[in-house]
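Here's the letter readout for the chains.
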2 protein chains.
Amino acid sequence: MNQQTSPPDTPITLENVSVDVVIFTLRSRDLQVCLVRRDCAPFKDDWALPGGGVRVDEPLERAALRILHAKTGVRDLYLQQLFTFGDPGRDPRRRVISVTYFALISSERIATNHLDGDSETVGWHSVYALPRLAFDHAEIIQYALVRLRNKIQYSAAAFELMPEEFTLRELHDAYMVILNDYTLDKANFRKKIREANILEPASGYRETGGRPARLYRFRRDAQPEIKARRFFP
Amino acid sequence: MNQQTSPPDTPITLENVSVDVVIFTLRSRDLQVCLVRRDCAPFKDDWALPGGGVRVDEPLERAALRILHAKTGVRDLYLQQLFTFGDPGRDPRRRVISVTYFALISSERIATNHLDGDSETVGWHSVYALPRLAFDHAEIIQYALVRLRNKIQYSAAAFELMPEEFTLRELHDAYMVILNDYTLDKANFRKKIREANILEPASGYRETGGRPARLYRFRRDAQPEIKARRFFP
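What counts and what doesn't
Here the residue numbers are simple positions, counted from 1 along each chain's written sequence. Starting at A for chains and at 1 for ligands, labels are handed out in the order in which the entities are written. Only residues with pLDDT of 70 or above have their local features reported here, since the model is predicted, and side-chain atom pairs are shown and tallied only from 80 upward, although totals for entire chains, interfaces and linings are computed over all residues. Side-chain metrics in this entry use all non-hydrogen atoms of the structure; hydrogen atoms and water are not considered. Domain start and stop points were drawn from an automatic or database domain assignment. Note on definitions: a residue-residue contact is assigned when non-hydrogen atoms from the two residues lie within 4.5 Å. Here's the idea: put two parts together, see how much 1.4 Å probe accessible area each one loses, and the total over both is what we call buried area. A pair is scored as a salt bridge if a Lys or Arg side-chain nitrogen falls within 4 Å of a carboxyl oxygen belonging to Asp or Glu. The definition of a polar contact used here is a pair of N or O atoms within 3.5 Å, where within protein one atom must be able to donate a hydrogen and the other to accept one, and adjacent residues in sequence count solely through side-chain atom pairs. Secondary structure is summarised from DSSP: a helix means a run of H or I of at least four residues, a strand means a run of E of at least two, and numbering begins at the N terminus for each. Polar here means any residue outside two lists: the nonpolar Ala, Val, Leu, Ile, Met, Phe, Trp, Tyr, Cys and Pro, and the charged Asp, Glu, Lys and Arg; Gly therefore counts as polar. By this rule the span expected of a helix is its residue count minus one, scaled by 1.5 Å. Buried means the residue's accessible area, taken with a 1.4 Å probe over protein chains only, is under 20% of the maximum for its type, while exposed means over 50%, and partly exposed covers the values in between. For this quantity, the arc is that covered by the directions from the helix axis to the C-beta atoms. Stacked, tilted and edge-to-face pairs are distinguished by plane angle, under 30 degrees for stacked and over 60 for edge-to-face with tilted covering the rest, among Phe, Tyr and Trp rings (Trp via its six-membered ring) whose centres lie within 6.5 Å. When the copies are superposed, the least-squares fit draws on C-alpha atoms of residues that have pLDDT of at least 70 in both.

Caption draft 1: The arrangement of the domain arrangement of chain A in detail. Residues and elements named next belong to chain A. The assigned domain composition of chain A is domain 1 (13–151) and domain 2 (157–227). Computed over C-alpha atoms, the centres of domain 1 and domain 2 are 27 Å apart. Contacts between the two partners involve 15 residues from domain 1, matched on the other side by 14 residues from domain 2. Roughly 1300 Å² of surface becomes buried between domain 1 and domain 2 when both sides are summed, with 63% attributable to carbon and sulfur atoms. Its largest share of buried area at the contact with domain 2, domain 1 owes to Leu26, Arg29 and Arg149, together 39% of the area lost on that side.

In structure tokens form, the structure reads like this:
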């Protein structure tokens, strides 16, 4: 008998802590988030963020990565802690503190079976047309959306959502979709992109019906975040 | 007998969650943080951030405010969630997830008995000469310091550390202390402060030995944070 085995009443996961992950992707000119339909109470049949308990010996970020891999098939991606939600009433069963994470992934990296999923139980939903959500998950998604919109304005985070190669028009479309701002000026956008010096031409072109559009990719040696630009004092 | 009383084995605080607060103040031309000396194992006699358990019915932020009030005597102050630290080994006794908060307070607002404290058990320590710290609290303070330094560059957070009225020289000193950068150009600093349009003259002057220096205060209607200054794209 293995003396190292934990006593049978030792819990496998922490009692009062869970991890929930907001996974964003861009698909079909839409900003989408991965949701799972709940098959039991509370909030049976409502949709929820992928999440779960934290194992007793598992770092928080590793729990988030485990959940991410299960839902997208991807291991290596942009992941960041978002916020810890802990209102006493957020789960009707017991007090659960949710440490939330924020992930960005290009839809071309998501394995097909994870992307198509079984839309009855797991699927990608437009952040602009969300179904009914369990717990405080609507609030968590809203918070993540604000963070994403801020982030793409001072960092290259948006590139985490793009395919490996893209046209300037596709990048401009992505910014308009994420910011939900379809007035974003095209000429000014291209000027700022040029000034930021973060793109390099790829070898090919995209057929567009009209003049083929040059493909670009993110320069891997580019500064992904504009830091130390002190403007207050 | 009160039927509403919880059974005696119901815990008062959550099992796996604590709250720790990094409270910054400026004193004696130094950036200081409030620490408490531990009177029992583990890390007996080392210093730790003020913190403690979260009560079963208590929101996380209210727990942080409760701890802050106990250590500073102040109820209304700048408080923000910082980060949730959860490495399995961070507390040798059991798995504890620490939701950390970040607070800024002007030393003139701290009640004298809290400011002087009993330096044997609670006190204010320079972030540039910290004593030996328990748990991962050195890492938490370092993280908070980075956040503070970023924050004062795009927001008016530094004013939360200033007295109600101050001279431009005192404000310049504060920035140099927080950034730990004593080369910060005085003329350029004053120009940026003017451009930011966030100060208004107070009625008095400070005797300086030489020419009396005008006192300023933060304009309460000033924009405390520079938002929507999109510069990438």
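Back to the write-up after that little detour.
Caption draft 2: Spotlight on the interface of chain A and chain B. Taken residue by residue, the interface counts 40 residues in chain A and 41 residues in chain B. Summing the contributions of chain A and of chain B, the shared interface buries around 3500 Å²; its carbon and sulfur component is 64%. Where chain A meets chain B, there are zero salt bridges. Linking chain A to chain B there are eleven residue pairs in polar contact (both at pLDDT 80 or more). Elements supplying a minimum of two residues to the side of chain A that touches chain B: β1 (13–27), β4 (51–55), β5 (78–85), β6 (97–104), α3 (137–154), α4 (168–179) and α5 (186–196) of chain A. Per-class residue counts for the side of chain A that touches chain B are 25 nonpolar, six polar and nine charged.

Caption draft 3: Helix α1 (residues 60–72) of chain A, seen in detail. Residues and elements named next belong to chain A. Along its 13 residues, α1 runs 18 Å from first to last C-alpha, staying within 8% of the 18 Å computed at 1.5 Å per residue. For α1, every residue scored as buried is listed here: Leu60, Ala63, Ala64, Ile67, Leu68 and Thr72. Within α1, the buried residues cover an arc of 145° as seen down the axis, which keeps them to one side. Immediately beyond the C-terminal end of α1, within one or two residues, lies Gly73, with a positive phi of roughly 80°.

Caption draft 4: Representation of the packing of aromatic side chains in the model. Following the criterion strictly, the structure yields 18 aromatic pairs over all chains and no others. When the centroid spacing of 5.8 Å and the interplanar angle of 45° are considered together, the rings of A:Phe159 and A:Phe166 count as tilted. One exposure class covers both A:Phe159 and A:Phe166, and it is buried. Where B:Phe83 meets B:Phe85, the ring centres are 5.1 Å apart and the plane angle is 65°; that geometry is what we call edge-to-face. In this structure an aromatic cluster arises from ring pairing among A:Phe24, A:Tyr78 and A:Phe102.

Caption draft 5: Summary view of the environment of A:Trp124. Residue and element names in this part refer to chain A. Along the chain, the position of Trp124 falls in strand β7 (residues 122–126). The spacing of Trp124 and Ile23 is 101 residues in sequence and 9.3 Å in space, taken between C-alpha atoms. Ignoring sequence-local partners within four residues, the contact set of Trp124 consists of Ile23, Phe24, Thr25, Arg27, Gln32, Val33, Cys34, Thr72, Ile105, Ile110, His114 and Leu115.

Caption draft 6: Structural context of the relation of the copies chain A and chain B. The two copies are related by a screw operation: chain A maps onto chain B through 180° of rotation and 0.0 Å of translation along the axis, at an RMSD of 0.0 Å. In symmetry terms, the pair is related by a two-fold rotation axis. Considering only C-alpha atoms, the residue of chain A closest to the rotation axis is A:Asn16, which sits at 3.1 Å.

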